[in-house]
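Residues per chain are reported as follows:
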Amino acid sequence: MGDEMMAGMDSPVDQDVLIVGAGLSGIGMAAHLQMHSPGRSFALVERRANLGGTWDLFRYPGIRSDSDMHTLGFVFEPWRHEKSIADGPSILEYLNRIVDERGIREHIRFNNKVVGADWDSAAARWTVTMEDDKGAVSTTTARWLYLGSGYYDYDEPFDANFTGREDFAGQIIHPQFWPKDFDYSGKKVVVIGSGATAVTIVPSMADKAAHVTMLQRTPTWYAIRPAKDGFANFLRKILPEKTAYRLTRFKNIRLQDIVFRRAREKPEKVADFLTKKLKQALGDRYDPVAFTPPYNPWDQRLCLVPDADFFEAMKAGKASVVTDHIERFDKTGILLKSGQHLDADVIITATGLKLAVAGKIPVRVDGEPVAWNEHFYYKACMFSNVPNFSVVFGYLNASWTLRADIVSEYVCRVLNHMRDTGTTVATPLLADPTSLTEENIFDFSSGYIQRALHIMPKNADKLPWRLSQNYVQDRIDMRTGPVDDGVLKFGKAASVSKEASAPALEAAE
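Residues numbered from 1 in each chain as written. Predicted model: local features only at pLDDT ≥ 70, side-chain atom pairs only at ≥ 80, totals over all residues. Heavy atoms only, no water.

Asks: Explain the overall build of the protein here, please?
Replies: Scanning the protein for helices and strands turns up 15 helices and 23 strands. For a compact globule of 509 residues, the expected C-alpha radius of gyration is about 23 Å, and the protein comes in at 24 Å, within 12% of that figure. The principal-axis extent of the C-alpha atoms belonging to the protein is close to 70 × 55 × 45 Å. The long-range share in the protein, meaning contacts at least 24 apart out of those at least 6 apart in sequence, stands at 71%. As presented, the protein carries roughly 21,300 Å² of accessible surface, and 50% of it is formed by carbon and sulfur atoms. Taking the average place of the 61 positive charges on the side chains of the protein and the average place of its 65 negative ones, the gap between the two points comes to 5 Å. (Helix = DSSP H or I, 4+ residues; strand = E, 2+ residues; numbered from the N terminus. Rg over C-alpha atoms; globule rule 2.2 N^0.38 Å. Contact = heavy atoms within 4.5 Å. Areas by Shrake-Rupley, 256 points an atom, 1.4 Å probe, with all protein chains shown as cover. Lys, Arg positive; Asp, Glu negative; His and termini not counted. Charge placed at Lys NZ, Arg CZ, Asp CG, Glu CD.)

Put into structure tokens, the structure is as follows:
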């Protein structure tokens, strides 16, 4: 058990903090606990046999980061590779090195899927139920539950339900479940989709395949940048590694913020700039029908194209883009609404992910199931009237790990405040939800976002009850704002349990 945080509690726990997921978010939280709350005991539960989360699950050709590793990397661990747009194996190497150098691996319980989480106000603790890969069920207890389980459904991707797919004589693959050692040499490949996954797969398969066609319903905005960050690599030669990393990270965060704000304020200017870059990259292969989206830049996430590899494959005649709608699959390929037919030996359905809240874990507070779409975000990581619970949902307009870092730091601040005040429970108390003005949680038009709005937690139009997309401001608020802000209520088991269910008048007191 942990330190004096537990003083006066009759109910022991197996660990102070239980972290669900050993990917970027979970590993980051473990490292932050070691640095900022070293008195806390912790454990990680990982459903897979290996760490890495997304980077262990996805094995499709060319799997890589869709943002630079100086911001997708952790604030505390410099990215040492020459390429800042990194492939999956390099990211896994980075994560494995961190858990081994910091002694985190011994805290990870692999092959255990969390199937339930129950908060008991009387005991001020979570009881988490797990099932291992052999079906054996076990439980563990913790004061704080931290979900680093990602934002999408690991078991089931989005299914576009294409008519006639059972008639296709070739192989249909979703990138989320790429077959091991799949040989596509000399085959005609059609990749359905125009997002980050499709744009990665197409140039990666183009060398071996006979031809790769990207079939898109709607064009996407692309951002072309070098895979290697010249500024970063120069600084690493003349400065200490951590200093070079910190400066590069600062530069990239500022550039991301400037581009996003510019896109929202003057979208036509950004559209013109991106189009100009596309024309330069494609030359006479540029087709306005294929590369003029019907939405403004950053209404959906920009697709990163390192070293223009996607466009180089097109210019070499190894890849092409078709903009059309699917009528149906048939035995030999795909019939389009225009009447055109795409011959295919392999069809890859890069049609998107299916979002999931809280890793699909049934969460209950004193026996009552938590319906996330009835709770408001608090400080972008906790939820109204749910005690001792936090989650990571990364930025849509910046790197995931930027949020993971500041959420981890903030939760450590909360835990330290509880230690210093002798309290054991922290609940973002919202007595009257009608007092808040609700706002769309994501101002993005992406299909996977729109499909999931009905299951997402609520978002208010002002802090602290919102999931912001402004990292620079969030970092200031979460690092320097008061932890005891009058909204996050601290207490011990009996008092906090009573207060969380109190009427509005008592809560206001």
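Asks: Is there a simple way to think about the packing of aromatic side chains in this case?
Replies: What describes a pair of aromatic rings is the distance from one ring centre to the other and the angle between the planes of the rings. In this structure the tally under the stated criterion is 28 aromatic pairs. Summarising the aromatic geometry, the rings of Y151 and W400 are spaced 5.3 Å apart at their centres and angled 35° between planes, so their arrangement reads as tilted. Taken together, the residues Y151 in the loop between β6 (137-147) and β7 (171-173) and W400 in helix α11 (residues 400-421) connect sequence positions 249 residues apart. Measuring from centroid to centroid gives 5.9 Å for W178 and F182, while their planes differ by 80°, and the two rings are edge-to-face. For the pair W178 and F182, a shared accessibility class is recorded, and that class is buried. In textbook terms, an aromatic cluster arises when at least three aromatic residues are bridged by ring pairs, as seen for F58, Y60, Y151, Y152, Y154, F393 and W400. (Phe/Tyr/Trp six-rings, centres within 6.5 Å; stacked < 30°, edge-to-face > 60°. Buried < 20%, exposed > 50% of the residue type's maximum accessible area, 1.4 Å probe, protein only.)

Asks: What should I look at first to understand helix α5 (residues 196-206) in this one?
Replies: Turn by turn, an α-helix covers 3.6 residues, leaving residues three or four places apart pointing in a common direction. A large share of α5 lies buried, amounting to 8 of its 11 residues. Of the residues making up α5, those classed as buried are A198, V199, T200, I201, V202, P203, M205 and A206.

Asks: Looking at this structure, how should I read the pairing of strand β23 (residues 488-491)?
Replies: Where a strand is regular, its side chains alternate between the two sheet faces. Side chains L488 and F490 project from β23 onto one buried face, and the interleaved K489 and G491 project onto a second face that is buried too. Sheet topology note: the strand β22 (residues 425-428)/β23 ladder contains 4 bridges and is antiparallel. Looking at β23, one finds that V425 is bridged to G491. (Pairing = 2+ DSSP bridges.)

Asks: Help me understand helix α7 (residues 241-265) in this model?
Replies: An ideal rise of 1.5 Å per residue puts 36 Å on 25 residues; α7 measures up with 36 Å between its terminal C-alpha atoms. For α7, the set of buried residues is A244, Y245, T248, R249, N252, I253, Q256, D257, F260 and A263. (Expected span 1.5 Å × (residues − 1).)

Asks: Would you mind going over the sheet that holds strand β8 (residues 188-192) with me for this structure?
Replies: Strand pairing in a sheet is mediated by backbone hydrogen bonds. Such pairs are either parallel or antiparallel. Taken together, 5 strands build an open sheet; the order of strands is β7-β16-β8-β9-β12 and the sheet is parallel. Both outer strands of the open sheet, β7 and β12 (319-323), are each paired with one neighbouring strand and no more. Averaged over all neighbouring strand pairs, the angle between strand axes comes to 20°, with direction disregarded. Bridge analysis of β8 against strand β16 (residues 346-349) gives 4 bridges, and the strand direction is parallel. Looking across to β16, one finds that V191 is bridged to I348. Contacting β8, β9 (211-216), β12 and β16, α5 runs over the sheet at an angle of about 165° to β9. (Axes fitted to C-alpha atoms, helices over the stretch in contact; angles between N-to-C directions.)

Asks: Can you help me understand the domain arrangement of the protein in this one?
Replies: The accessible area lost on association of the parts is a frequent measure of interface size. Domains assigned within the protein are domain 1 (15-155 + 355-500) and domain 2 (171-348). Taking only C-alpha atoms into account, the centre of domain 1 sits 30 Å from that of domain 2. The partner domain 2 presents 40 residues to the 47 residues of domain 1 that form the contact. Between domain 1 and domain 2, the buried area comes to about 3,700 Å², and carbon and sulfur atoms account for 52% of it. There are 4 salt bridges connecting domain 1 and domain 2. Across the salt bridge formed by E241 and R80, the nearest N and O atoms sit 3.6 Å from each other. The tally of links from domain 1 across to domain 2 stands at 21 residue pairs in polar contact (both at pLDDT 80 or more). Broken down by secondary-structure element, the contributors of at least two residues to the side of domain 1 that touches domain 2 are α3 (69-72), α11 and α13 (471-480). Broken down by class, the residue content of the side of domain 1 that touches domain 2 amounts to 21 nonpolar, 13 polar and 13 charged. (Domains from an automatic or database assignment. Buried area = accessible area lost by both parts, 1.4 Å probe. Salt bridge = Lys/Arg side-chain N within 4 Å of Asp/Glu carboxyl O. Polar contact = N/O pair within 3.5 Å; in protein donor to acceptor, adjacent residues only side chain to side chain. Nonpolar A, V, L, I, M, F, W, Y, C, P; charged D, E, K, R; others polar.)

Asks: Looking at this structure, how should I read the pattern of salt bridges?
Replies: Side chains carrying opposite charge are able to pair once their charged atoms draw close together. Inspection of every chain in the model, using the stated rule, returns 29 salt bridges. Of the charged contacts in the structure, one is a salt bridge between R301 and D66, with a shortest N-O distance of 3.4 Å. Taken together, the residues R301 in the loop between α9 (288-291) and β11 (303-306) and D66 in the loop between α2 (54-57) and α3 connect sequence positions 235 residues apart. According to the relative accessible area criterion, D66 is partly exposed, its value standing at 33%.

Asks: Help me out: how do you make sense of the packing of helix α1 (residues 24-36) against α11 in this one?
Replies: With their axes 9 Å apart at the nearest point, α1 and α11 run at an angle of 40° to one another. Between α1 and α11, the interaxial angle falls into the category oblique. At the point where α1 passes α11, the crossing takes the right-handed sense. Residues L24, S25, G28, M29, H32, L33 and H36 of α1 touch α11, and the partners they reach there are W400, T401, A404, D405, S408, E409, V411, C412, L415 and N416. Here the contact of α1 with α11 is composed, by residue class, of 8 nonpolar, 7 polar and 2 charged. (Parallel < 35°, antiparallel > 145°, perpendicular 65-115°, else oblique. Left-handed = near helix turned anticlockwise from the far one by under 90°.)

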